[in-house]
Amino acid sequence: MNLLIMLLLLNILIGEPQTSPSTIVMNASLTYVGSAYSLVVYGVSYANSSGYIIVPQGVYEGRFAGLLRLGNFVYVGVYQGLITKSNFIGSFTPIISYEAVGVPTELLLGNYT
């Protein structure tokens, strides 16, 4: 996971073309999740997807690391755009994806070893 984060940050620093074939243009709603270490985390809701965007405090425009869950896949990538009070207007470019794994929320009686 640390390698994944380092690759994502390196991609943000180096930069890449503004759009790619897999770029998703969005006008998404934001929900404040929390903040720590001068970073703010917002929940992103767009069409049939949801995710998270990590933003430095006091920054409202630029490129930000984040996740986007679409169907059974989670995409790690870069959000690029403008953050307003309750919306994100811009695009999401996935860098890597993985299949989401469900976690049981309830245990039934049985023989667990």
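Sequence positions are assigned chain by chain, starting from 1 and proceeding in written order. The model is predicted, so local features are restricted to residues of pLDDT at least 70 and side-chain atom pairs to those at 80 or more, both for listing and for counting; the totals for chains, interfaces and linings are taken over all residues. Only hydrogens and water are set aside; all other atoms, that is, all heavy atoms of the structure, feed into the side-chain values.

Trainee: Help me understand the overall build of the chain in this model?
Mentor: What the chain contains, in helices and strands, is one helix and six strands. Only DSSP runs of H or I reaching four residues or more are called helices, and only runs of E reaching two or more are called strands; each is numbered from the N terminus. Listing each helix as α and each strand as β along the chain from the N terminus yields α-β-β-β-β-β-β. Counting every position in the chain, which comprises 113 residues, the buried fraction comes to 29%. A contact between two residues is defined here by any heavy atoms of the two lying within 4.5 Å. Partitioning the contacts of the chain with sequence separation of at least 6, the portion at a separation of at least 24 is 35%. Throughout, the Shrake-Rupley method with a 1.4 Å probe supplies accessible areas, and for residues the shown protein chains are the sole cover considered. For the chain, the accessible surface area stands at approximately 7900 Å², while carbon and sulfur atoms represent 62% of it. Type-normalised accessible area, obtained with a 1.4 Å probe on protein chains alone, sets the label of each residue: buried when under 20%, exposed when over 50%, and partly exposed for intermediate values.

Trainee: I'm lost on the sheet that holds strand β5 (residues 73–83) in this one. Help?
Mentor: Strand pairing in a sheet relies on backbone hydrogen bonds, with the paired strands running either antiparallel or parallel. Taken in spatial order, the six strands line up as β1-β2-β3-β4-β5-β6 and close into a barrel, and their pairing is antiparallel. For this sheet, the mean angle separating the axes of adjacent strands, direction not counted, is 40 degrees. Here the rule is simple: two strands pair whenever DSSP picks up at least two bridges between them. Pairing analysis gives 10 bridges linking strand β4 (residues 61–70) to β5, with the strands arranged antiparallel. By the bridge assignment for β5, Arg 63 is matched with Gln 80. All axes here are fitted lines through C-alpha atoms, helices being fitted over the stretch that makes contact, and every angle between N-to-C directions spans 0 to 180 degrees.

Trainee: How do you make sense of the environment of Gly 62 when you look at a structure like this?
Mentor: Following the sequence through the fold, Gly 62 ends up in strand β4. A C-alpha to C-alpha distance of 8.1 Å links Gly 62 and Tyr 79, two positions 17 residues apart in sequence. Sequence-distant contacts of Gly 62, that is, excluding residues within four places in its chain, are made with Tyr 79, Gln 80 and Gly 81.

Trainee: Looking at this structure, how should I read the nonpolar core?
Mentor: When a protein is soluble and globular, its nonpolar side chains tend to lie buried together. With 14 residues, the main nonpolar core has Met 26, Leu 30, Val 44, Ile 53, Tyr 79, Ile 83 and Phe 88 as its most contacted residues. Those elements giving two or more residues to this core turn out to be β1 (24–36), β2 (39–46), β3 (49–56), β4, β5 and β6 (87–99). Contact partners of Ile 53, with chain neighbours within four places excluded, come to Leu 30, Val 40, Val 41, Tyr 42, Val 44, Phe 64, Ala 65, Gly 66, Tyr 79, Ile 83 and Phe 88. Here, the term nonpolar core denotes a set of buried Ala, Val, Leu, Ile, Met, Phe, Trp, Tyr and Cys residues that are joined through side-chain atoms within 4.5 Å.

Trainee: Looking at this model, I keep getting lost on the side chain of Ser 91. Mind explaining?
Mentor: Inspection of the secondary structure assignment puts Ser 91 in strand β6. Judged by its relative accessible area of 11%, Ser 91 is buried. If we skip the residues at most four places from it in the chain, Ser 91 touches Thr 23, Ile 24, Val 25, Met 26, Val 78, Tyr 79 and Gln 80.

Trainee: Honestly, the confidence of the model for the chain in this entry has me stumped. Any pointers?
Mentor: Low pLDDT marks stretches whose predicted atomic positions should not be read closely. Summary statistics for the chain give a mean pLDDT of 78 and a share of 69% for residues scoring 70 or more. Confidence of the predictor at the level of single residues is captured by pLDDT, which takes values from 0 to 100. Of all the helices and strands in the chain, helix α1 (residues 2–14) carries the lowest mean pLDDT, 58, while β2 carries the highest, 90.

Trainee: How should I be thinking about the environment of Ser 45 in this particular structure?
Mentor: Structurally, Ser 45 can be placed in strand β2. Residue class for Ser 45 comes out partly exposed when judged on its relative accessible area of 39%. Expressed as a C-alpha distance, the spacing of Ser 45 and Ala 28, which sit 17 residues apart in the sequence, is 5.6 Å. With residues up to four places along the chain from it excluded, the contact list for Ser 45 reads Ala 28 and Ser 29.

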